[in-house]
Amino acid sequence: MNLDLSESELAFQAEARAWLAARVPSEPLPSMDTPEGFRAHQEWEAELAEARWAVVSWPEKYHGRDASLVEWVIFEEEYYRAGAPGRVSQNGIFLLSPTIFENGTEEQQDRWLPSMATGEQIWAQAWSEPEAGSDLASLRSRAERDEERGGWVLNGQKTWSSRASYAHWGFGLFRSDPDSQRHHGLTYFCFPLGADGITVRPIAQLDGEPGFAELFFDDVFVPDSDVLGEPGAGWAVAMSTAGNERGLSLRSPGRFCATADRLVDLWRRQGAPVEHRDAVVDAWLGAEAYRLYTWGTVSRLLDGGQIGYAGSVNKVFWSDLDIAMHETALDLLGPASEVSGAWTDGYLFSLSGPIYAGTNEVQRNVVAERILGLPREARG
Ligand SMILES: Cc1cc2nc3c(=O)[nH]c(=O)nc-3n(C[C@H](O)[C@H](O)[C@H](O)COP(=O)(O)OP(=O)(O)OC[C@H]3O[C@@H](n4cnc5c(N)ncnc54)[C@H](O)[C@@H]3O)c2cc1C
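Here goes a summary of the coordinates provided. (Residues numbered from 1 in each chain as written. Predicted model: local features only at pLDDT ≥ 70, side-chain atom pairs only at ≥ 80, totals over all residues. Heavy atoms only, no water.)

### Observations regarding a nonpolar patch on the surface
Formally: In this scheme, patches are assembled from residues that exceed 30% relative accessible area and form no salt bridge. Like charges are connected within 9 Å, while nonpolar side chains (Val, Leu, Ile, Met, Phe, Trp, Tyr) are connected within 5 Å. Here, Shrake-Rupley sampling with a 1.4 Å probe gives the accessible areas, and only protein chains in the shown set may cover a residue. The salt bridge criterion pairs a side-chain nitrogen of Lys or Arg with a carboxyl oxygen of Asp or Glu, the two atoms within 4 Å. Put simply, DSSP H or I for four residues or longer makes a helix, DSSP E for two residues or longer makes a strand, and each gets a number counted from the N terminus. Only protein chains enter the accessibility calculation, which uses a 1.4 Å probe; a residue whose area is less than 20% of its type maximum is buried, one above 50% is exposed, and one in between is partly exposed.
Residues Tyr293, Tyr309, Val313, Ile371, Leu372 and Leu374 make up a contiguous nonpolar surface patch of roughly 540 Å² in combined accessible area. With respect to the secondary-structure elements, Tyr309 resides in the loop between helix H8 (277–302) and helix H9 (310–333). Relative accessible area serves as the criterion here: at 44%, Tyr309 is assigned to the partly exposed category.

In structure tokens, the structure reads:
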């Protein structure tokens, strides 16, 4: 593919770069897994939306710019290069919104997307259950039909829901046909986390911050208007979200290129120690390889292709790369890493990369079975 940008893409890039240079906070915001950090990140989202940088690829009527996929990747590169804050709205804008665009009614799109874009309403992914993580199809939370009220009654438990302690809405799968098995008979629901019958219990993470939560559903009524896609077809709806999480949108290469650049800077500031040179070069090359691979994915999508199982390769690559880069930084810093907040926090978070968005072991099974055509793992 030709990686030269067109005139209009260069203009888009320059506009994004100038805006970010002027507006990115000079000091990092407090962690979004704390109440004050969550609010500060919401305010930043509002500022982005006001200038129509929050969701560049969305239609203008939902605060977007109708930007192309290429422009979206350019924006992501600029965003991370500028050291801009993490996206507190990421579960909504990156994971759920493609599903709403694909499966939502116009009424749902009009109702949910604008406040998602401005960060006024933050969405939490409520998929995992205590006994259903990698094997999501074994979920037990259930939905019973309530014909009289025109909706469903939810019962059960979800867990590990990022930022659900402070978020406003959740999205998740429930078994709506009690006689169904596995991937059948599931329905995709959206629900306000403040609804009657929902209890949100924060879980402290490794760093002690309580943004994570488990959710308990006790006879929670959800109207038909908050069902995403057809009742019973929830698995297919959910899989379009999972593809986005692993394949392209959640972890754009800009994030890793920015980390690699910071690492190179750190190495230079530490006197360019020769014993760490190879690790630093590997990190930089890894980030660049991921960037180029993403451009390959973009050109495939533009040619009408799909991400498909290659999203699993992607996911394993970026999560391993993130850990390697942070480990190299901590090695470079030596004992000083104890007091280097950014690298230590980044390292702790990088450790979760091989777990969330589908564990790397499971992604490797997908690569082995679906891409390489190796025999299936022994189950049971
Ligand atoms: C930082 C972070 C954020 C998260 N955010 C969310 C969120 O917002 N919403 C949400 O719903 N969930 C979230 N999760 C949960 C995440 O999706 C699950 O942790 C993940 O799916 C794994 O499920 P589990 O923890 O139940 O582990 P299990 O599925 O019990 O797996 C335990 C171990 O067994 C391995 N394993 C399981 N099955 C196989 C297999 N078939 N072959 C080989 N190995 C296997 C796994 O790889 C893992 O090492 C988050 C997790 C983390 C760490």
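### Regarding the side chain of Asn360
Note the threshold: Two N or O atoms form a polar contact when they lie within 3.5 Å of each other; inside protein one atom must be a possible hydrogen donor and the other a possible acceptor, and for residues adjacent in sequence the pair counts only when both atoms belong to side chains. In what follows, residue pairs with any heavy atoms lying within 4.5 Å of each other are defined as contacts.
One can find Asn360 in helix H11 (residues 360–371). Judged by relative accessible area, Asn360 falls into the buried class, the value being 2%. Engagement of the side chain of Asn360 in a polar contact is seen with the side chain of Ser319, the distance being 2.9 Å. Those residues in contact with Asn360, other than ones at most four positions away along the chain, are Lys315, Val316, Ser319, Asp320, Gly353 and Pro354.

### A word on the packing of helix H7 (residues 253–269) against H9
Counted only if it meets this: In this analysis an axis means a line fitted to C-alpha atoms, helices contributing only their contacting stretch, and an angle means the value between N-to-C directions, from 0 to 180 degrees. Geometric relationships in this document are graded by angle, where less than 35 degrees denotes roughly parallel, more than 145 denotes roughly antiparallel, 65 to 115 denotes roughly perpendicular, and other angles denote oblique. When the near helix sits turned anticlockwise from the far one by under a right angle, the crossing is termed left-handed; a clockwise turn instead gives a right-handed crossing. Only Asp, Glu, Lys and Arg are considered charged, only Ala, Val, Leu, Ile, Met, Phe, Trp, Tyr, Cys and Pro nonpolar, and every remaining residue, Gly among them, polar.
Where H7 meets H9, the axes come as close as 10 Å, and the angle between the chain directions of the two elements is 15°. As far as their axial angle goes, H9 and H7 are roughly parallel. Relative to H9, H7 is oriented so that their crossing is left-handed. Between H7, through Phe256, Thr259, Ala260, Leu263, Leu266 and Trp267, and H9, the contact on the second element is made entirely by Trp318, Leu321, Asp322, Met325, His326, Thr328, Ala329, Leu332 and Leu333. Residue composition of the contact of H7 with H9, by class: 11 nonpolar, 3 polar and 1 charged.

### Examining the environment of Ser161
Residue position: Ser161 is located in strand E3 (residues 151–161). Taking the relative accessible area as the measure of exposure, Ser161 reaches 0% and is therefore buried. As a C-alpha pair, Ser161 and Trp127 span 34 residues in sequence and 7.7 Å in three-dimensional space. With residues near it in sequence (within four places) discarded, Ser161 still touches Ala124, Gln125, Ala126, Gly211, Phe212, Ala213 and Leu215.

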